[in-house]
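Descriptive structure summary
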Amino acid sequence: MMREMAWMGLSILMAGAAFGQAGEAVPAFELADVHGSPKSSNLNMRGGVIRSGRFEVRNATMLDLIVTAYGLENSRVLGGPNWLDVDRFDVIAKAPADTKQDAAKLMLRSLLAERFQLVVKNDTKPMPGFALTAAKGKPKLKESAGGGSPGCEGVPQQTAPDAPNYNVVQCRNMTMERFALEVRDMANAYLPNAVVDQTGLKGAYDFEVKWSSRGLLARQGADGISIFDAVDKQLGLKLEAKSMPMPVLRVEGANQKPTENEPGVITKLPPPPPAEFEVADIKPSKPDSQQRGQIQNGRVNLGGLSLKTMIQLAWDLNGDEMMADAPKWLDDGRWDVVAKAPIEVANQDAADEDALRVMLQHLLEDRFRLKTHQEERPINAYVLSAGKPKMPKADASNRTNCHDGPGADGKDPRTANPVLNRLITCQNMTMAQFVLELPRFANGYVHSAVMDQTGLDGAYDFTINFSGVGLLQGAGVGPNAEPNGAVSLPDAISKQMGVKLEMVKRPVQVLVIDHVEDKPTEN
């Protein structure tokens, strides 16, 4: 919610050039602190942007670092040791103050080669993807009159409460080659792999396309429009799953432990971003205000949020149970916050999420007199226990990872059964590793760390196909509910993996509210 959606396309044809050439001299950071990341419930990489000569990456796997340095997708990094997607590192490096992002990526390549002895090789391999082709008959596209920059823009929709909600995009002066790149970013829940233009159409076109978000497709029933149907019926084109040669990067070697930092490196690094907003205005929201979040040119604009929601946002809490001793009124009022952060922190294309959260924490502490502490309290939380495992044993030489979407074969069961709209694929994964991954892959279900009580020592390969929490509301629950075929995450784990995900009361670290006032101090 802290940033608006941005659509950015990178040409597949340029990917090979982005890898660089063997033996090519690349710039290097002046110095760098490289160390293992502290344990965290948030397993997402943060950072990766150069700001005023300080380059910082937090909680990054070696795969994350390679992807950041070479500018390609996770799926196109092949080979390497099995820890490549699991072990996490922090990198803080110094570069000249005027260093641009492209140069910082080249410097990161040098750092990985020097500190981890990373060796990579360019290659080409058939990979799952999608072909954009011309259907039979004439495409339903209007030739562009030219003028103006090519691109696609979202069209805001005003819909009745019970009417279907669609994504609507207008594209102007758009070639099919560029549209193939942009449609993947616009509808990446449908298109987990690269889209390549094979229409044979030349020139540029103006058109509009409308589709349902993947998470809403099953709920909308007959009114739902997948991106595949939208491209077919509205544009006269087709999106077809297809294996195609793609440029890839093969990892031929890497050390699991980086070389030691030079003495006193931390004191020589540029200072971190400031921990407070430069200025902030807080006022009550209008009665009909909708929730919103926007970042632009250092300006953070939040609207229609309760104080409880802002606390959850600031401390990255995934559910009400992760907050203790909160007063009942905390969710009553709604507030608008307009704050000014340094533009290098709040750049809309690469906002420093961690820094913005800390700034919001300090703002709430200052203006609402909020006082908190962390403490273990008994709450309802999941444990994973043994049943009768149905998972095949993994090949220990394969990389350990879990990701959203289908496996290497590209087969996606969600296309045939939209109500099972979530798909997680795991390879060479122990149950102890799997419970660490669950909070980030099971949005709406898992709000806190999951405890492994299976007693299973081996590593396994498995997929889990289940329904998002929103689809369970019509899954035969309640006196008037009709079964819709939805499958919950616990049921999917039980039936598809043969282990049990069960809710129990156990101690979990939560944020305890010691004091908070219902109105902010004056602006």
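Since the model is a prediction, treat every value here as computed from it, not as a measurement.

1. Digging into the overall build of the protein
A count of helical and extended segments in the protein gives eleven helices and 23 strands. For 523 residues, the compact-globule estimate of 2.2 N^0.38 gives 24 Å, and the C-alpha radius of gyration of the protein, at 24 Å, lies within 12% of that figure. By principal-axis analysis of the C-alpha atoms, the protein measures approximately 65 × 65 × 60 Å. A burial count over the protein gives 47% of its 523 residues as buried. Once local pairs closer than 6 in sequence are excluded, the contacts in the protein between residues at least 24 apart make up 80%. Approximately 26100 Å² of the protein is accessible, and the part contributed by carbon and sulfur atoms is 50%.

2. Digging into unusual backbone geometry
Even without being glycine, asparagine 173 reaches a positive phi, approximately 55 degrees. Although it is not a glycine, aspartate 316 adopts a positive phi angle of roughly 55 degrees. Position of aspartate 316 among the secondary structure elements: in the loop between helix H8 (307–315) and strand S16 (323–324). You can call aspartate 316 partly exposed: its relative accessible area is 30%.

3. Section: the layout of surface pockets
Roughly 1700 Å³ of internal volume is contained in the second largest pocket. Every element with two or more residues in the lining of the second largest pocket is listed here: strand S3 (54–61), strand S5 (88–94), H8, helix H9 (353–367), strand S18 (371–385), helix H10 (431–441) and strand S23 (500–515). Broken down by element, the lining of the second largest pocket gets its largest block of residues, six residues, from H10. Class assignment of the residues belonging to the lining of the second largest pocket gives a composition of 19 nonpolar, 15 polar and 14 charged.

4. Structural notes on the sheet that holds strand S1 (residues 31–36)
Taken in spatial order, the four strands line up as S1-S5-S3-S2 in an open sheet, and their pairing is antiparallel. Both outer strands of the open sheet, S1 and strand S2 (46–51), are each paired with one neighbouring strand and no more. Geometrically, the sheet is characterised by an average inter-axis angle of 10 degrees between neighbouring strands, direction not taken into account. Bridge analysis of S2 against S3 gives five bridges, and the strand direction is antiparallel.

5. Section: the sheet that holds strand S4 (residues 77–79)
As summarised here, the arrangement of the four strands in space is S4-S12-S6-S10, forming an open sheet in which the pairing is mixed. Strand pairing shows two members of the sheet lacking a second neighbour, S4 and strand S10 (195–197), which therefore form its edges. Pairs of neighbouring strands in the sheet enclose a mean axial angle of 40 degrees, with direction left out of account. Across three bridges, the pairing between S4 and strand S12 (residues 237–253) is parallel. Counted as the bridge partner of glycine 79 is valine 251 from S12.

6. A few points about the state of the cysteines
Applying the stated criterion to the full structure yields two disulfides. The disulfide that involves cysteine 402 links it to cysteine 426, with 2.0 Å between the sulfurs. Its torsion about the S-S bond being 110 degrees, the disulfide of cysteine 402 and cysteine 426 is classed as right-handed. Of the two residues, cysteine 402 sits in strand S19 (residues 401–404) while cysteine 426 sits in strand S20 (residues 422–430), which places them 24 residues apart along the sequence. Of the residues examined, cysteine 402 reaches a relative accessible area of 8% and is grouped as buried. The connectivity of the disulfide-linked cysteines in the protein, indexed sequentially, is 1-2, 3-4.

7. Re the packing of helix H2 (residues 62–70) against helix H3 (residues 101–115)
H3 packs onto H2 with a crossing angle of 140 degrees between their chain directions and a minimal axis gap of 7 Å. Overall, the two elements H2 and H3 adopt an arrangement that is oblique. H3 is crossed by H2, and the crossing has left-handed handedness. Mapping the contact onto sequence places Met62, Leu65, Ile66, Thr68, Ala69 and Tyr70 in H2 and Lys105, Leu108, Arg109 and Leu112 in H3. Here the residues of the contact of H2 with H3 are counted per class, giving seven nonpolar, one polar and two charged.

Rules used in this analysis
- Numbering of residues starts from 1 in every chain and runs along the sequence as written.
- Where local features are concerned, this predicted model is filtered to residues with pLDDT of at least 70; where side-chain atom pairs are given and counted, the filter is 80 or more; whole-chain, interface and lining totals use all residues.
- Excluded from the side-chain calculation are hydrogens and water; included are all heavy atoms of the structure.
- Helix and strand assignments come from DSSP, with helices taken as H or I runs of at least 4 residues and strands as E runs of at least 2, each series counted from the N terminus.
- C-alpha atoms define the radius of gyration, and 2.2 Å times the number of residues to the power 0.38 defines the globule rule.
- Working definition: with a 1.4 Å probe on protein chains only, accessible area under 20% of the residue-type maximum means buried, over 50% means exposed, and in between means partly exposed.
- Residues are treated as being in contact if the distance between any of their heavy atoms lies within 4.5 Å.
- Residue burial considers only the protein chains on display, and all accessible areas are found by Shrake-Rupley using a 1.4 Å probe.
- Within this scheme a cavity is a closed region of a 1 Å grid, computed over the protein atoms alone, that accommodates a 1.4 Å probe without allowing it to escape, whereas a pocket is open but has protein on both sides within 12 Å along at least five of seven lines; lining residues each have an atom within 4 Å of a point.
- Grid points are joined across faces, edges and corners, and a volume is the space filled by probe spheres set on the points.
- Polar here means any residue other than Ala, Val, Leu, Ile, Met, Phe, Trp, Tyr, Cys and Pro, which are nonpolar, and Asp, Glu, Lys and Arg, which are charged; Gly is therefore polar.
- Strand pairing follows a simple DSSP-based rule, namely that at least 2 bridges must link the two strands.
- Axis geometry follows a simple rule: fit a line to the C-alpha atoms, using only the stretch in contact for helices, then measure angles between N-to-C directions, giving values from 0 to 180 degrees.
- Disulfides are defined as cysteine sulfur pairs within 2.5 Å.
- In what follows, roughly perpendicular refers to angles from 65 to 115 degrees, roughly parallel to angles under 35, roughly antiparallel to angles over 145, and oblique to any angle outside these ranges.
- Each crossing gets its handedness from the near helix: less than a right angle anticlockwise from the far helix is left-handed, clockwise is right-handed.

Everything listed here is a matter of geometry and, on its own, says nothing about what the molecule does.
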